[in-house]
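# Tertiary structure, described
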Amino acid sequence: MYYQKNNSPKKLRNITRQNIVITPPDRVLTIVVVFLVVLGLMSVFSASVPKCVNAGLNPLHYTLIQLSGIVLGYFGLKILCNFDYKKLINLTNGFAIFVICLLVMVLVTGDVINGAQRWISVGPLSLQPSEFAKPAVVMLLAKVFSRDTELMDTSKWSSFLLIIIMVLLIFKQPNLSMVILLFATSVAMYLAAGGSTKLIGGGFAAFFALGGIGSILQPYQLQRIKIWLNPDMDPLGAGYNIIQSMVGFASGGLWGCGFGASKQKLAWLPEAHTDFIFAVVGEELGFLGCLFLIGLFWTILQRGFSIASRCPDMYGKLLAVGLTFSICFQAFLNMSVASSMLPATGVPLPFISYGGSSVMITLGMIGILLNISRKKVETIRVRQDV
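Residues numbered from 1 in each chain as written. Predicted model: local features only at pLDDT ≥ 70, side-chain atom pairs only at ≥ 80, totals over all residues. Heavy atoms only, no water.

### Examining the overall build of the protein
Defined as follows: Secondary structure counts use DSSP, requiring at least four H or I residues in a row for a helix and at least two E residues in a row for a strand, with both numbered from the N terminus. Throughout this description, buried means an accessible area under 20% of the type-specific maximum (1.4 Å probe, protein chains only), exposed means over 50%, and partly exposed covers the range between. What makes two residues a contact is simply this: any of their non-hydrogen atoms within 4.5 Å. Here, Shrake-Rupley sampling with a 1.4 Å probe gives the accessible areas, and only protein chains in the shown set may cover a residue.
Within the protein, the secondary structure is distributed over 14 helices and five strands. Burial analysis of the protein (386 residues in total) assigns 46% to the buried set. Taking the intrachain contacts of the protein between residues at least 6 apart in sequence as the baseline, contacts between residues at least 24 apart amount to 74%. For the protein, the accessible surface area stands at approximately 19,500 Å², while carbon and sulfur atoms represent 66% of it.

### Regarding the side chain of Ser186
Mapped onto the elements, Ser186 comes out in helix α6 (residues 176-192). Look at Ser186 and you get buried, because its relative accessible area is 18%. Look past the residues within four positions of Ser186 in its chain and what remains in contact with it is Val137 and Leu141.

### Details of the packing of aromatic side chains
Going by this rule: Put simply, two rings from Phe, Tyr or Trp (the six-membered ring, in Trp's case) pair if the centres are within 6.5 Å, and we call them stacked under 30 degrees between planes, edge-to-face over 60, tilted for the rest.
Summed over all chains, the structure comprises 10 aromatic pairs. On the numbers, 6.0 Å between centres and 65 degrees between planes, the contact of Tyr74 with Phe75 is edge-to-face. Here Tyr74 falls in the partly exposed class, since its relative accessible area comes to 46%.

### Overview of the packing of helix α3 (residues 92-109) against helix α4 (residues 130-145)
Note the following rule: A fitted line through C-alpha atoms represents every axis, and for helices the fit uses only the stretch in contact; the resulting angles, taken between N-to-C directions, go from 0 to 180 degrees. Roughly parallel means an angle under 35 degrees; roughly antiparallel means over 145; roughly perpendicular covers 65 to 115; every other angle is labelled oblique. Note: crossing handedness is left-handed where the near helix turns anticlockwise from the far helix by less than a right angle, and right-handed where it turns clockwise. In this classification, Asp, Glu, Lys and Arg are treated as charged, Ala, Val, Leu, Ile, Met, Phe, Trp, Tyr, Cys and Pro as nonpolar, and every other residue, Gly included, as polar.
Between α3 and α4, the least distance of the axes is 9 Å, while the angle of their chain directions is 150 degrees. By the angle between their directions, the pair α3 and α4 is classed as roughly antiparallel. Where α3 crosses over α4, the two elements pack in a sense that is left-handed. Between α3 and α4, the contacting residues are Thr92, Asn93, Phe95, Ala96, Val99 and Leu103 on the first element and Ser130, Phe132, Ala133, Pro135, Ala136, Met139, Leu140 and Lys143 on the second. Within the contact of α3 with α4, the residues separate by chemical class into 10 nonpolar, three polar and one charged.

### Points about the sheet that holds strand β2 (residues 111-113)
The line we're drawing: Two strands pair if DSSP finds at least two bridges between them.
Reading across from one edge, β2-β3-β4 is the order of the three strands in this open sheet, with antiparallel pairing throughout. Because the sheet does not close on itself, it has two edges, and the strands there are β2 and β4 (125-127). Along the sheet, successive strands turn relative to each other by an average axial angle of 50 degrees, direction set aside. The pairing of strand β3 (residues 116-122) with β4 spans three bridges and is antiparallel. When the bridges of β4 are listed, Val122 appears paired with Leu125. Taken strand by strand, α3 contacts β2 and β3, and its axis lies near 100 degrees from that of β3.

### Regarding the packing of helix α12 (residues 277-310) against helix α14 (residues 356-373)
At a closest axis distance of 9 Å, the pairing of α12 and α14 adopts a crossing angle of 40 degrees. With respect to their mutual orientation, α12 and α14 come out oblique. The way α12 lies across α14 gives a crossing that is left-handed. Of α14, the residues touching α12 (which contributes Gly304, Ile307 and Arg310) are Leu369, Ile372 and Ser373. For the contact of α12 with α14, the class distribution of residues is three nonpolar, two polar and one charged.

### Concerning the pattern of salt bridges
The condition is simple: Salt bridge, as applied in this entry: a Lys or Arg side-chain nitrogen positioned within 4 Å of an Asp or Glu carboxyl oxygen.
Under the definition given, this model contains four salt bridges. With a closest N to O distance of 2.7 Å, Lys134 and Glu131 form a salt bridge. Residue Lys134 and its partner Glu131 are both found in helix α4; the two are separated by three residues, about one turn of the helix. Accessibility assignment for this pair places Lys134 and Glu131 in one class, buried. Notably, a salt bridge pairs Glu284 with Lys265, separated by 3.1 Å at the nearest N-O pair. With Glu284 in helix α12 and Lys265 in helix α11 (residues 264-267), the pair connects residues that are 19 residues apart, well separated along the chain. We note that Glu284, like Lys265, is buried.

### What about helix α2 (residues 61-82)?
What counts, and what does not: To estimate the expected span of a helix, subtract one from its residue number and multiply by 1.5 Å.
Taking 1.5 Å of rise per residue, 22 residues should cover 32 Å, and α2 covers 33 Å from first to last C-alpha, within 8% of that figure. Looking at the buried positions of α2, the neighbouring elements they touch are α1 (27-55), β4 and α14.

See the structure below:
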């Protein structure tokens, strides 16, 4: 007896599989950061030389300190770029406690500059611990919101308590601009994790309805808002910085007066190498130079959110969103203040303003972002017989 073989065509089924692929760090983000670091070092040199000469210091005094921060930040970037970001979860609470200890030291033994106690002297260098709070808050929130966005979960209260302690210590310095930055970053991460927009909207409405702004601001901070609305009411006092900053932008025009040729930095623009360095960039490189700088930060924002969208796990997604938002929102605050779009604050322009702590921490944050960019999900479709 013979049996006829079944020669009917076989059916095929598509099976989708996801693999985690390790790739090189994001090249575009790396290039943009190199541009910002070089431009920042040049800007600090240009803006600080007159101040150094007037103070009888080495003309390269501030430039060398900035360079030391860049070198330390580069080593931090390299380490964090190759250190698995998932292992940061176990280090989060310890790092936050370390930051709190530094902030307590500021209030006990910190240096007072321009009425604010924000720095710790470390030999010839100065350390600003509030800068360390930025990655600490991002790491804490990424850890708790990677599970869910339930705020009443008692297991999250220890992390929230650490954040509240950091914010209160920074507010005590006082450093309201850093508090605003940390709060905005927290809201952005909560919403990115799928948090309730109604809760955030209701919280803002209640805050303003109860006069929250007036209750937390000091008299001098309320004065800044009045001066921002009308700088000419005190042109030689509180409104002086804003007026001179706008003169710098106007003098730069479209093309600028050329690198190193700013006149405002010579005697008229205070804090030209820190808070108002964007005005010096505008005067020397013009509108096109400012547009180029804004474009670099916009690219960081785009690449950072793109890295977050490709990350295979929620913790990495939130970490990328928080780090990216913190850097770019700080840049927005500084540039808005220098161009009189917002009242005066004390946050530096990332990579560009003078500040060893700022550039060191920012490069470390970029290192974590580059680490996250190395892992992405690759979807593979396999056809299998059935």
